[in-house]
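Per-entry structural report
Each chain, letter by letter, is given below.
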Amino acid sequence: MKTADAVVIGGGIMGASAAHFLARKGFGRVVLLERGRLAGVSTGHSAAIIRTYYSNPTTLKLAKRALHMFENDRELLGGDCGFHPIGFLLLIGEGLRGAGEHILRSERRHGLDIEDLSPEDIGEFAPQISLHGVVRCILEPRSGYADPTRTTENLVAAARPWGLELRSGVAATGVRLRGGRVVAVKTRDGTIETNVVVNAAGPWAGRVGSWLGLRYSLRWSRESDLFVEMPAGFGDLPVVSDPGLRFYLRPCGEDRIIVGLGAPKDIEPVDPDDCDSGLDPGLRERIERPLFERIPALANARHLGGYASIYTITDDWHPIVGPEPGIEGYYAFLGGSGHGFKLGPPIGEALADVICGETPEIDLSPFRPGRFIDGEPLTSAWGEGNRG
């Protein structure tokens, strides 16, 4: 029998963030359980885009904090996270003009660096983009992308001197309660006595919740991305999001581009225990169609493969975070795929405050598990989906 001051289940960005900030705050011995390897499923396959264009005030505050964290990653995230501040460009068509205006006002109200550009402005610095149907553009010059695996590994490695113990290859198998409070976590390698458990198990978070009698409303969708070679003389591009054509892209190193479908996404149901990681031809065609329409120069670019992973989706596409009434010592940190990578560190930081009995700078109560029962799901100017 081992003991810990807290056990975090799941070694993706959410679990690593919660464990890191608990240890940083001096919570004691924090054990991070990961049945495979760090960032091995959804996190490691994230496009890892760091952007702030959110219409929901809570996610906007968290995204602003996330940008600051990645800009100061060595100090705040444990090391160089591969953050490339190449800018984030949002292309807005006539049908989404209102949502774009709302985003612009929201970001300016929160003091974010943002530029409202015309299609003609974009043509000057990104001539590769066909601007047919685009009526305005929003540029976030400080945004960009990071390395999701390196970020997760940094969070864990940096926290080891503060009391974080990673146990990779060790799966949790149960949570023991006594008198309505957590007393232990069972694993395939023995039992760990603890009074605090954080459920950050990603696609398997619903299973962990079921050990305590909780029934989370979650869906799982197969999420695919592809790579194309950057043609010679192609030039530089920022991260690009096109909500009208429903796709996004970003450079991936100096020689390739990663591309995926954007919201509103078609849900492709998948079993988390049996997800084919390959990119099938039908998905490739669906991703390439809007890409080639918006950037014709890539139509003849060499295809460099792709992959599929798993989205874990809540009823409002936002994470479920916080304690569950009636279960002392248990905290949820799950769901929210599509923007979970960038929000993981600031939510982990705030959740550590909550667990320590302190008031976080960013109120997480809008993410509380009971918001759906309370009739208070989070909403977005974009409608359903992970744009937020």
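Above this text is the structure in question.
Rules and cut-offs
- Residues numbered from 1 in each chain as written.
- Predicted model: local features only at pLDDT ≥ 70, side-chain atom pairs only at ≥ 80, totals over all residues.
- Heavy atoms only, no water.
- Buried < 20%, exposed > 50% of the residue type's maximum accessible area, 1.4 Å probe, protein only.
- Helix = DSSP H or I, 4+ residues; strand = E, 2+ residues; numbered from the N terminus.
- Pairing = 2+ DSSP bridges.
- 1 Å grid on protein atoms, 1.4 Å probe; cavity = no way out; pocket = protein on both sides within 12 Å on 5 of 7 lines; lining within 4 Å.
- Points joined across faces, edges and corners; volume = space filled by probe spheres on them.
- Nonpolar A, V, L, I, M, F, W, Y, C, P; charged D, E, K, R; others polar.
- Salt bridge = Lys/Arg side-chain N within 4 Å of Asp/Glu carboxyl O.
- Disulfide = S-S within 2.5 Å.
- Contact = heavy atoms within 4.5 Å.

**Quick word on the pairing of strand S7 (residues 134-140)**
Of all seven residues that make up S7, six are buried, and the element is covered over most of its length. Relative to S7, strand S5 (residues 88-93) runs antiparallel, the two sharing six bridges. Counted as the bridge partner of Phe88 is Glu140 from S7. One ladder, built from three bridges, connects strand S6 (residues 115-117) with S7; its direction is antiparallel. Bridge pairing in S7 places Leu117 opposite Cys137.

**What about empty space enclosed by the protein?**
For the coordinates displayed, the defined rule picks out one cavity of 30 Å³ or more. Around the largest cavity sit Thr52, Leu67, Leu112, Asp113, Glu140, Arg142 and Ser143, which together line it. Residue classes in the lining of the largest cavity are distributed as two nonpolar, two polar and three charged.

**Brief notes about the pattern of salt bridges**
Where charged atoms from two side chains of opposite charge come close, those side chains can pair. Evaluation of the coordinates by the stated rule reveals 29 salt bridges. Put simply, Asp73 and Arg74 hold a salt bridge, and the shortest N to O gap is 3.8 Å. Assessed through its relative accessible area of 5%, Asp73 is described here as buried. Between Arg136 and Glu101 there is a salt bridge, with the nearest N and O atoms lying 2.8 Å from each other. Taken together, the residues Arg136 in strand S7 and Glu101 in helix H4 (residues 97-109) connect sequence positions 35 residues apart. Because the salt bridges share partners, they merge into one network encompassing Asp73, Arg74, Asp80, Asp147 and Arg150.

**A short note on the state of the cysteines**
If you walk through the whole model with that rule in mind, you get zero disulfides. Take Cys275: it sits in no disulfide, and the sulfur closest to it among the cysteines is that of Cys252, at 20 Å.

**Structural notes on the environment of Val175**
Counting through the fold element by element, Val175 comes out in strand S10 (residues 172-178). Classification of Val175 as buried rests on a relative accessible area of 9%. Residues Val175 and Ile13, spaced 162 residues apart in sequence, show a C-alpha to C-alpha distance of 22 Å. Apart from residues no more than four positions distant in its own chain, Val175 is found in contact with Ile9, Val182, Ala184, Val185, Val197, Trp211 and Leu212.

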